[in-house]
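Read off the chains here:
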Amino acid sequence: MNLPNIIRPEHSFIGVSAQTKWRALQTIADKAAKAFSVDGHTILKALEVREKLGSTGIGNGIAIPHAAIDGMTSPRGLLIRFAQPLEFEAIDDIPTDIAFVLLFGENNRGEYLNVLSAIARRLQSDGVLAAMRKARTVDEFYSDFIADSRV
């Protein structure tokens, strides 16, 4: 799985302000709309529908909001670090500070599961998350996630 083709450096953000999970989803939808030239309202509605099925907060301060979006031909993602951790109804009740956003077309459901697996594998190393949380620039933040090895 080639994550740099799905989550690109220009689709990474740090210091994103949001007071609630629902405001975070609005901000995510706005950023995704600009990044992927898809209607922001369509993205927001899909993310909200998915989130109502159960929180995408997977624990350890991480959320992976994801949804199928009409018109998308391949999985695309955003990498976001919030300015302040926020309540995302995660399974461990730890506030979320990092979100991996994944949007995909209806015909890409199988591929999106592979992307989720690739993201999960990257996050299994404590070093990855620690580096991402300490990153001072967007470039560092992105590189810490994408890099193949940790010291």
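Everything quoted here is computed from the prediction, not taken from an experiment. (Residues numbered from 1 in each chain as written. Predicted model: local features only at pLDDT ≥ 70, side-chain atom pairs only at ≥ 80, totals over all residues. Heavy atoms only, no water.)

A few points about the packing of helix 2 (residues 21–36) against helix 3 (residues 40–53)
Next, step 1: Close contact between helix 2 and helix 3 brings their axes to 8 Å; oriented N to C, the two are set at 140°. Here helix 2 is positioned oblique relative to helix 3, judged by the angle of their axes. By crossing handedness, the relation of helix 2 to helix 3 is classed as right-handed. Only Gly40, Ile43, Leu44, Leu47, Glu48, Glu51 and Lys52 of helix 3 make contact with helix 2, whose side of the interface consists of Lys21, Trp22, Leu25, Gln26, Ile28, Ala29, Ala32 and Ala33.
Next, step 2: For the contact of helix 2 with helix 3, the per-class residue count stands at nine nonpolar, two polar and four charged. (Axes fitted to C-alpha atoms, helices over the stretch in contact; angles between N-to-C directions. Helix = DSSP H or I, 4+ residues; strand = E, 2+ residues; numbered from the N terminus. Parallel < 35°, antiparallel > 145°, perpendicular 65-115°, else oblique. Left-handed = near helix turned anticlockwise from the far one by under 90°. Contact = heavy atoms within 4.5 Å. Nonpolar A, V, L, I, M, F, W, Y, C, P; charged D, E, K, R; others polar.)

Focus on unusual backbone geometry
Next, step 1: Positive phi is not limited to glycine here, since Glu89 has a value of about 60°.
Next, step 2: Assignment of secondary structure puts Glu89 in the loop between strand 5 (76–86) and strand 6 (96–104).
Next, step 3: Residues other than glycine seldom take positive phi values, yet Asp93 does so here, at roughly 65°.
Next, step 4: With respect to the helices and strands, the residue Asp93 is situated in the loop between strand 5 and strand 6.

Quick notes on the confidence of the model for the protein chain
Next, step 1: Across the protein chain, the average pLDDT comes to 90, with 96% of residues at or above 70.
Next, step 2: No element of the protein chain has a lower mean pLDDT than helix 4 (residues 109–123), which averages 80, and none a higher one than strand 1 (residues 12–16), which averages 97. (pLDDT = per-residue confidence, 0-100.)

A word on the nonpolar core
Next, step 1: Formed by 27 residues in total, the largest nonpolar core has its most connected members in Ile43, Ile69, Leu78, Ile80, Phe82 and Leu103.
Next, step 2: Look past the residues within four positions of Phe82 in its chain and what remains in contact with it is Gly15, Val16, Ala18, Ala24, Thr96, Asp97, Ile98 and Ala99.
Next, step 3: Formed by 24 residues, the second largest nonpolar core is a distinct cluster that contains Ile6, Ile98, Leu123 and Met132. (Core = buried A, V, L, I, M, F, W, Y, C linked by side-chain atoms within 4.5 Å. Buried < 20%, exposed > 50% of the residue type's maximum accessible area, 1.4 Å probe, protein only.)

Looking at the environment of Pro85
Next, step 1: Secondary-structure assignment places Pro85 in strand 5.
Next, step 2: For the pair Pro85 and Asp144, spaced 59 residues apart in sequence, the C-alpha separation works out to 19 Å.
Next, step 3: Filtering out sequence-adjacent residues up to four positions away, Pro85 remains in contact with Pro95, Thr96 and Asp97.

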